[in-house]
Structures are given as C-alpha cells and as structure tokens.
Amino acid sequence: MSIFIGGTEITDIQIGSTAINSVYVGANKVWDRSLDTQTVTVGEYISGTNSNIRGYGFGFTTGGSISDGTSNMFSGAAYVQIDTLADISNGQGWIVQLGINGTHPNSGWTTMTIDGVAFNRADISFHSQPSGITNWVWADAPRPQTNPFGTTAGVTKQVVFT
C-alpha cells in the first residue's frame with residue numbers, strides 16, 4: 001500500500017512526535033508503515049531425486065538473491081531465507097519460510113507480504129532458533145495453494161514487513 005503526493009511516495013507520517021502506523025479512508029486501510037522492504041530475485045530449486053519437490057524465492061536451496069539482505073526489524077541481521085517449498089505431487093500446498101541470522105523473539109513485526117500475499121506472524125506453524133538462525137514457518141493447513149513467488153526464476157518480487 002502506497003500513498004503519493006504528486007509523484008513522491010510517502011514513507012513516513014508523523015503528527016508531532018507520534019509516528020502514525022496506518023492510514024484509513026473510511027474502513028479501508030490505504031497505507032501501512034513498512035518496517036522493512038526487500039526485493040527478492042527469485043531462485044528455483046528442483047529436487048535431484050524427486051522432481052516433484054520444488055522451491056522458489058531466496059534461500060539455502062533456492063538460491064536467488066535479495067536487495068540489501070538486512071533486517072530493519074532486528075538491527076541489520078542478515079536474511080538467510082525467504083522462500084517457499086512444496087511437494088507438488090501431493091497437492092498439500094506450499095510451505096512458506098522466513099529465516100534471519102541470530103536469535104530473535106517471536107515479535108517485532110506483524111505481517112510479511114510477498115507480492116501482495118500476506119502471511120501473518122500470528123499464523124505461523126512454528127518459530128525456532130536452531131544453529132543461530134531464527135525461523136518462522138507457515139506449514140499448517142490451509143497452506144496456500146499458489147506460490148507467492150511464482151514459478152519463474154529470475155523475476156523480482158517485493159517482500160514487505162509491517
């Protein structure tokens with residue numbers, strides 16, 4: 001969600017010293033304060049042993065790349081994974097994964113939106129911190145039946161945290 005004055009995008013709204021986090025017109029939200037925005041150049045993973053397992057986005061297995069790669073929510077910690085994974089033969093849908101270097105609480109942001117598809121932190125299947133990486137995973141039903149990154153490597157998608 002963006003608002004503009006002329007051709008200039010508004011990225012910060014304050015009244016005095018109070019930061020405004022959302023702007024509504026009637027019941028419709030027209031602007032959210034973004035905590036962080038990353039541009040992901042989509043990488044692709046296809047399992048060598050079972051071509052039904054697919055992954056897209058930025059991460060360990062998918063490759064891809066990310067714009068600045070540092071999280072504004074967690075003091076510049078590096079993103080290590082924002083991707084999706086599915087076994088397309090079983091029709092269960094896509095697992096969505098977020099990984100950030102370091103040990104971080106399950107707080108500090110509300111929604112991760114990938115190319116317009118929102119994933120609420122409150123809806124995660126689990127939050128874990130193995131090996132110095134904090135992971136948030138959306139894997140419970142109903143899983144999204146479409147992949148928010150699409151299935152074309154090399155395209156760019158915006159990932160916005162609010």
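None of these values were measured; they are calculated from a predicted model.

Rules and cut-offs
Residues numbered from 1 in each chain as written. Predicted model: local features only at pLDDT ≥ 70, side-chain atom pairs only at ≥ 80, totals over all residues. Heavy atoms only, no water. Helix = DSSP H or I, 4+ residues; strand = E, 2+ residues; numbered from the N terminus. Rg over C-alpha atoms; globule rule 2.2 N^0.38 Å. Buried < 20%, exposed > 50% of the residue type's maximum accessible area, 1.4 Å probe, protein only. Contact = heavy atoms within 4.5 Å. Areas by Shrake-Rupley, 256 points an atom, 1.4 Å probe, with all protein chains shown as cover. Lys, Arg positive; Asp, Glu negative; His and termini not counted. Charge placed at Lys NZ, Arg CZ, Asp CG, Glu CD. Phe/Tyr/Trp six-rings, centres within 6.5 Å; stacked < 30°, edge-to-face > 60°. Lys NZ or Arg CZ within 6 Å of the ring centre and 35° of its normal. Pairing = 2+ DSSP bridges. pLDDT = per-residue confidence, 0-100. Core = buried A, V, L, I, M, F, W, Y, C linked by side-chain atoms within 4.5 Å.

Draft legend 1. Representation of the overall build of the protein chain. Looking only at helices and strands, one finds zero helices and 18 strands in the protein chain. In terms of overall size, the protein chain behaves like a compact globule, its C-alpha atoms giving a radius of gyration of 17 Å where 162 residues would be expected to give roughly 15 Å. By the burial criterion, 36% of the 162 residues in the protein chain qualify as buried. A separation threshold of at least 6 residues defines the contact pool for the protein chain, and within that pool the share at least 24 residues apart is 55%. When the accessible area of the protein chain is evaluated, it comes to approximately 8,400 Å², of which 51% is carbon and sulfur surface. Here the protein chain carries 6 positive and 11 negative side-chain charges, and the mean point of each set is 4 Å from the other.

Draft legend 2. Structural context of the packing of aromatic side chains. Here the structure, examined in full by the defined rule, presents seven aromatic pairs. The residue whose ring lies beneath Arg121 is Trp109, and the NZ or CZ to ring-centre distance is 6.0 Å.

Draft legend 3. Structural context of the side chain of Thr84. Within the element layout of this structure, Thr84 appears in strand β12 (residues 77-87). For Thr84, a relative accessible area of 1% translates into the label buried. The contact partners of Thr84, leaving out residues within four places of it in the chain, are Arg54, Gly55, Tyr56, Trp94, Ile95, Val96, Asn147, Pro148 and Phe149.

Draft legend 4. Structural view of the sheet that holds strand β10 (residues 65-66). Strand order across the open sheet formed by five strands is β10-β7-β18-β14-β15, with antiparallel pairing between neighbours. In this open sheet, the two edge strands, each paired with only one partner strand, are β10 and β15 (117-120). In this structure, strand β14 (residues 111-114) lies alongside strand β18 (residues 156-161), joined through three bridges in antiparallel fashion. From the neighbouring strand, Ile114 faces β18, where its bridge partner is Val159.

Draft legend 5. Representation of the pairing of strand β7 (residues 36-41) within the structure. A one-sided burial pattern is seen for β7, the buried positions being Asp36, Gln38 and Val40 and the unburied ones Thr37, Thr39 and Thr41. Note: β7 against β18, six bridges, orientation antiparallel. Bridged to Thr41 within β18 is Thr156. In this sheet, β10 lies alongside β7 in antiparallel orientation, the contact comprising two bridges. Following the sheet pairing, Thr41 is matched in β10 by Ser65.

Draft legend 6. Broad picture of the confidence of the model for the protein chain. For the protein chain, per-residue confidence averages 87 on the pLDDT scale, and residues scoring 70 or more make up 96% of the total. Least confident of the elements in the protein chain is strand β4 (residues 18-19), whose mean pLDDT is 76; most confident is β10, at 96.

Draft legend 7. How the structure looks around the nonpolar core. By size, the foremost hydrophobic cluster in this structure holds 25 residues, and its most contacted members are Tyr79, Ile82, Leu98, Trp109, Met112, Trp138 and Phe161. Secondary-structure elements contributing two or more residues to this core are β9 (53-58), β12, β13 (95-101), β14, β17 (133-138) and β18. Broken down by element, the residue count for this core peaks at four residues, all from β12. Excluding residues within four positions of it along the chain, Trp109 makes contact with Leu35, Met73, Phe74, Leu98, Phe119, Arg121, Trp136, Trp138, Phe161 and Thr162.

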